[in-house]
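Each chain is listed here by its residues.
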Amino acid sequence: VQLVESGGGLVQAGGSLRLSCAASGSFFSINAMGWYRQAPGKQRELVATITSGGGSTNYADSVKGRFTISRDNAKNTMYLQMNSLKPEDTAVYYCNADLGGGWGSPIRYWGQGTQVTVSS
């Protein structure tokens, strides 16, 4: 099982980026998914989460109104649309997913991270 993030990069303040997180491998289901980020010298923090059907989302106060989380279950992929980016959004962004399979209770997997850098 593997989660692979993509879409990070360098952007000017006020710009936009769209991150993707694709799940691959052997599993039966993808339950909740989420995005986290970690800036240099800081702890990893929650950015946004989304339920299995996509009907419920949750955002950190710092990104509300600017970021949108979504998912395409047919593609086993989650997205994070980031608009009006600020220098303080600079961080490594990680995705996670709770995957169900023949192993019993869902297991949380993490991607390797993608760098987002916002210049002022």
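Just above sits the structure.
A quick note: this is a predicted structure, and the numbers were derived from the prediction, not measured. (Residues numbered from 1 in each chain as written. Predicted model: local features only at pLDDT ≥ 70, side-chain atom pairs only at ≥ 80, totals over all residues. Heavy atoms only, no water.)

## As for the nonpolar core
Of all hydrophobic cores here, the largest spans 30 residues; its most connected members are W35, L80, M82 and Y93. Sorting the residues of this core by element identifies β3 (17-24), β4 (29-38), β5 (45-50), β7 (67-72), β8 (77-82), β9 (91-101) and β11 (114-119) as the ones contributing at least two each. Of the residues forming this core, the biggest block, 5 residues, is contributed by β9. (Core = buried A, V, L, I, M, F, W, Y, C linked by side-chain atoms within 4.5 Å. Buried < 20%, exposed > 50% of the residue type's maximum accessible area, 1.4 Å probe, protein only. Helix = DSSP H or I, 4+ residues; strand = E, 2+ residues; numbered from the N terminus.)

## Topic: the environment of V63
Inspection of the secondary structure puts V63 in the loop between β6 (57-59) and β7. Each C-alpha atom of the pair V63 and L85 lies 9.2 Å from the other, and the pair is 22 residues apart in sequence. Every residue in contact with V63, bar those within four places of it in the chain, is listed here: R37 and V47. (Contact = heavy atoms within 4.5 Å.)

## A look at the pattern of salt bridges
Enumeration over the complete set of coordinates arrives at 5 salt bridges. One salt bridge in this structure joins E45 and R37, with 2.7 Å as the shortest N-O distance. A salt bridge links D61 to K64; the shortest N-O distance between them is 3.1 Å. Look at D61 and you get exposed, because its relative accessible area is 65%. Connected through salt bridges with shared partners, the residues R37, E45, R66 and D89 form a single ionic network. (Salt bridge = Lys/Arg side-chain N within 4 Å of Asp/Glu carboxyl O.)

## Some points on the sheet that holds β8
Reading across from one edge, β1-β3-β8-β7 is the order of the 4 strands in this open sheet, with antiparallel pairing throughout. Each having just a single partner strand, β1 (2-6) and β7 make up the two edges of the open sheet. Looking at each pair of strands side by side, their axes are set apart by 15° on average, direction ignored. Sheet topology note: the β7/β8 ladder contains 6 bridges and is antiparallel. When the bridges of β8 are listed, I69 appears paired with L80. (Pairing = 2+ DSSP bridges. Axes fitted to C-alpha atoms, helices over the stretch in contact; angles between N-to-C directions.)

## Let's talk about the side chain of S20
Following the sequence through the fold, S20 ends up in strand β3. Those residues in contact with S20, other than ones at most four positions away along the chain, are V4, E5, S6, W35, T77, M78 and Y79.

## Some thoughts on the state of the cysteines
With the rule as written, the count across this model stands at 1 disulfide. The partner cysteine of C21 in its disulfide is C95, sulfur to sulfur 2.1 Å. In this structure, the disulfide formed by C21 and C95 twists by about 60° around the S-S bond and is classed as right-handed. Of the two residues, C21 sits in strand β3 while C95 sits in strand β9, which places them 74 residues apart along the sequence. We note that C21, like C95, is buried. (Disulfide = S-S within 2.5 Å.)

## Re the packing of aromatic side chains
The tally for this structure, following the rule as stated, stands at 1 aromatic pair. Between the aromatic rings of Y36 and W110, the centroid separation amounts to 5.2 Å while the plane-to-plane angle is 65°, which identifies the pairing as edge-to-face. Here W110 lies in strand β10 (residues 104-110) and Y36 lies in strand β4, a separation of 74 residues in the sequence. Given a relative accessible area of 18%, Y36 falls into the buried group. Of note, R18 hangs over the ring of Y79, and the distance from its end group to the ring centre comes to 4.0 Å. (Phe/Tyr/Trp six-rings, centres within 6.5 Å; stacked < 30°, edge-to-face > 60°. Lys NZ or Arg CZ within 6 Å of the ring centre and 35° of its normal.)

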